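Here is how the chains run, residue by residue.
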Amino acid sequence: MSSHTFVLNGEKVTVDVEPGVRLLWVLRDVLGVTGPKYGCGINVCKACTSHVNGKAMNPCSVPVDQISPDDEITTIEGLADTVDADLHPMQEAWIEHDVAQCGYCQPGQIMAAVALVRAVREEGRAISESDLDGIRNICRCGTYTRIREAIRTGEQHM
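None of these values were measured; they are calculated from a predicted model.

## Quick notes on the overall build of the protein
Looking only at helices and strands, one finds six helices and five strands in the protein. When the helices and strands of the protein are read in sequence order from the N terminus, they spell out β-β-α-β-β-β-α-α-α-α-α. Its C-alpha atoms put the protein at 45 × 30 × 25 Å along the principal axes. The proportion of buried residues among the 158 residues of the protein is 47%. By element, 48% of the accessible surface of the protein is carried by carbon and sulfur atoms, the whole surface being about 7900 Å². In the protein, which carries 14 positive and 22 negative side-chain charges, the distance between the mean positions of the two groups comes to 7 Å.

Take a look at the structure:
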């Protein structure tokens, strides 16, 4: 075992696990953070999408030893805190558009959407249809039309 330290949802945490353990298992099994969901474990379904330093990443594909003590991991549980509100504007848009059916993929979908909005804003533009097409999070219920509508609404309020 070895110690690994990083910032999780605004708080510095230290865990004692083997270096190759995937970050998803550290979040869920060691730290009890259940927002990032296990879907495939191979970076395909993206149900576990979270942020590292504000950018989307999939903790199922990242060994904990690749995370540095200064890295800031944000999961759906900490997203609202990034805007000092009860809910993040993207979460509110999800509710407004009644996106969730089973809800399993929704934390990852929302985290991917927020990262996308931030990325295109850094480029000084709005989200395009091509950007929306680039989101590869899988929704088994097929609510893709409502997801796209919610992202556009969330973008307006972020």
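## Digging into unusual backbone geometry
Despite not being glycine, Asn 43 has its phi angle at roughly 65 degrees, a positive value. Here Asn 43 shows up in the loop between α1 (23-30) and β3 (50-52). Relative accessible area serves as the criterion here: at 32%, Asn 43 is assigned to the partly exposed category.

## Section: the pattern of salt bridges
Tallying each qualifying case throughout the model produces five salt bridges. The residue Glu 123 makes a salt bridge to Arg 125 at a minimum N-O spacing of 2.7 Å. Relative accessible area serves as the criterion here: at 53%, Glu 123 is assigned to the exposed category. The class for Arg 125 is partly exposed, based on a relative accessible area of 34%. The structure contains a network of salt bridges with shared partners spanning Glu 129, Asp 133, Arg 148 and Arg 152.

## Considerations on helix α6 (residues 144-157)
Helical geometry: 3.6 residues make up each α-helical turn, so side chains three or four residues apart lie on a common side. Taking 1.5 Å per residue as the helical rise, α6 with its 14 residues ought to reach 20 Å, and the 20 Å between its terminal C-alpha atoms agrees with that figure. Those residues of α6 lying buried are Ile 147, Ala 150, Ile 151, Thr 153, Gly 154 and Glu 155.

## As for helix α4 (residues 106-122)
Taking 1.5 Å per residue, 17 residues should reach 24 Å; α4 reaches 24 Å between its end C-alpha atoms and fits that length. Counting buried positions along α4 yields 13 of 17 residues, so the element is predominantly enclosed. Positioned one or two residues after α4, Gly 124 has a phi angle of 75 degrees, which is positive.

## Some words on the nonpolar core
Ranked by internal contacts, the top residues of the largest apolar core, which has 21 residues, are Met 90, Trp 94, Ile 110, Ile 127 and Ile 151. Secondary-structure elements contributing two or more residues to this core are α2 (76-79), α3 (89-96), α4 and α6. Once you skip the residues sitting within four places of it in the chain, Trp 94 turns out to touch Val 99, Gln 106, Gln 109, Ile 110, Ala 113, Ile 147, Ala 150 and Ile 151. Grouped together as the second largest cluster of nonpolar side chains are 15 residues, Leu 8, Val 13, Val 15 and Leu 27 included.

## Thoughts on the sheet that holds strand β5 (residues 72-74)
Read across the open sheet, the five strands follow the order β2-β1-β5-β3-β4; overall the sheet is mixed. Edge positions in the sheet fall to β2 (11-17) and β4 (55-57), since each of these pairs with one other strand and no more. For this sheet the average axis-to-axis angle between neighbouring strands, irrespective of direction, equals 40 degrees. The sheet contact formed by strand β1 (residues 2-8) and β5 spans two bridges and is parallel. The partner of Val 7 across the bridge, within β5, is Glu 72. Along the sheet face, α4 touches β3, β4 and β5 and points at about 45 degrees away from the line of β3.

## Some points on the packing of aromatic side chains
Overall, the coordinates contain one aromatic pair when judged by the stated rule. An angle of 40 degrees between the planes, with centres 4.9 Å apart, marks the rings of Trp 25 and Tyr 38 as tilted. In this pair, Trp 25 is assigned in helix α1 and Tyr 38 in the loop between α1 and β3, connecting sequence segments 13 residues apart.

Scoring rules and cut-offs
Residues numbered from 1 in each chain as written. Predicted model: local features only at pLDDT ≥ 70, side-chain atom pairs only at ≥ 80, totals over all residues. Heavy atoms only, no water. Helix = DSSP H or I, 4+ residues; strand = E, 2+ residues; numbered from the N terminus. Buried < 20%, exposed > 50% of the residue type's maximum accessible area, 1.4 Å probe, protein only. Areas by Shrake-Rupley, 256 points an atom, 1.4 Å probe, with all protein chains shown as cover. Lys, Arg positive; Asp, Glu negative; His and termini not counted. Charge placed at Lys NZ, Arg CZ, Asp CG, Glu CD. Salt bridge = Lys/Arg side-chain N within 4 Å of Asp/Glu carboxyl O. Expected span 1.5 Å × (residues − 1). Core = buried A, V, L, I, M, F, W, Y, C linked by side-chain atoms within 4.5 Å. Contact = heavy atoms within 4.5 Å. Pairing = 2+ DSSP bridges. Axes fitted to C-alpha atoms, helices over the stretch in contact; angles between N-to-C directions. Phe/Tyr/Trp six-rings, centres within 6.5 Å; stacked < 30°, edge-to-face > 60°.

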